[in-house]
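# Coordinates in review
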Amino acid sequence: MSDLDFYAHVATRCEVLGTGLGSSPDAWEAAVGPDYLDDPGKGLLRRDYGLVELFFSDAEGPLSCFGFSVQIHRLIHGLSVPASLTQPYGEFAPRVRFAELRAAILSLGRTVEPDDVSGDVHRYRVAESGARIFVISDLDPYGGGDHDVDDQEAHQAGDVWRVSVARAR
């Protein structure tokens with residue numbers, strides 16, 4: 001399996017290593033590992049694994065996950081990926097192109113549709129799961145001209161910024 005398989009799995013199954021929405025912080029720790037940063041608030045908890053960012057609430061009882069994101073954009077800066085993810089999926093590339101992720105999702109028999117394609121970040125939705133994919137469309141939205149479109153070590157239009165999963169509203 002590859003990092004692209006991981007992203008497609010998250011977008012179509014809304015889970016990471018068998019853990020997803022409604023799971024407790026302890027369940028996420030058992031799945032992803034003990035190396036995280038917690039940012040607690042009143043009745044809320046944000047847990048950051050670097051690549052995976054989780055959001056918990058106690059609004060409906062004990063703390064449970066109501067949303068999470070895979071923050072792909074952070075990888076370009078050399079972010080380390082938890083071993084729990086590199087063991088099954090191998091090394092994670094610093095960037096992923098939306099066209100590749102879309103093709104992987106379509107190959108799984110799912111549908112990717114535009115959700116909001118205005119502005120400098122476009123949003124797409126996996127129809128069957130409700131996951132959202134955020135894609136860079138314009139790295140120079142204010143026209144400053146300081147972005148090098150040939151620099152392969154920088155974000156480019158068409159790169160996936162993140163994949164987000166949340167409870168339906």
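Residues numbered from 1 in each chain as written. Predicted model: local features only at pLDDT ≥ 70, side-chain atom pairs only at ≥ 80, totals over all residues. Heavy atoms only, no water.

## Quick look at the sheet that holds strand β7 (residues 112–116)
Strand order in the open sheet formed by 8 strands is β3-β4-β5-β6-β10-β9-β8-β7, with antiparallel pairing between adjacent strands. Strands with a single pairing partner mark the edges of an open sheet, and in this sheet they are β3 (37–41) and β7. Adjacent strand axes in the sheet meet at a mean angle of 20 degrees when their direction is disregarded. Relative to strand β6 (residues 64–70), strand β5 (residues 52–57) runs antiparallel, the two being bridged by 6 bridges. Residue pairing across strands places Val52 opposite Val70, the latter belonging to β6. Together, β6, β8 (121–126) and β10 (160–166) form the strand contacts of helix α1 (residues 3–13), whose direction differs from that of β6 by roughly 140 degrees. (Pairing = 2+ DSSP bridges. Helix = DSSP H or I, 4+ residues; strand = E, 2+ residues; numbered from the N terminus. Axes fitted to C-alpha atoms, helices over the stretch in contact; angles between N-to-C directions. Contact = heavy atoms within 4.5 Å.)

## A closer look at the environment of Gly78
Structurally, the position occupied by Gly78 is in the loop between β6 and α3 (83–89). We classify Gly78 as exposed; its relative accessible area is 63%. (Buried < 20%, exposed > 50% of the residue type's maximum accessible area, 1.4 Å probe, protein only.)

## Some thoughts on the layout of surface pockets
By volume, the second largest pocket is sized at about 150 Å³. If you trace the second largest pocket, you find it lined by Met1, Asp5, Ala8, His9, Thr12, Arg13, Tyr89, Ala104, Ser107, Leu108 and Arg110. Among the elements of the structure, α1 and α4 (98–107) are those that each provide at least two residues to the lining of the second largest pocket. Residue contributions to the lining of the second largest pocket peak at 5 residues, all from α1. Of the residues belonging to the lining of the second largest pocket, the class tally is 5 nonpolar, 3 polar and 3 charged. (1 Å grid on protein atoms, 1.4 Å probe; cavity = no way out; pocket = protein on both sides within 12 Å on 5 of 7 lines; lining within 4 Å. Points joined across faces, edges and corners; volume = space filled by probe spheres on them. Nonpolar A, V, L, I, M, F, W, Y, C, P; charged D, E, K, R; others polar.)

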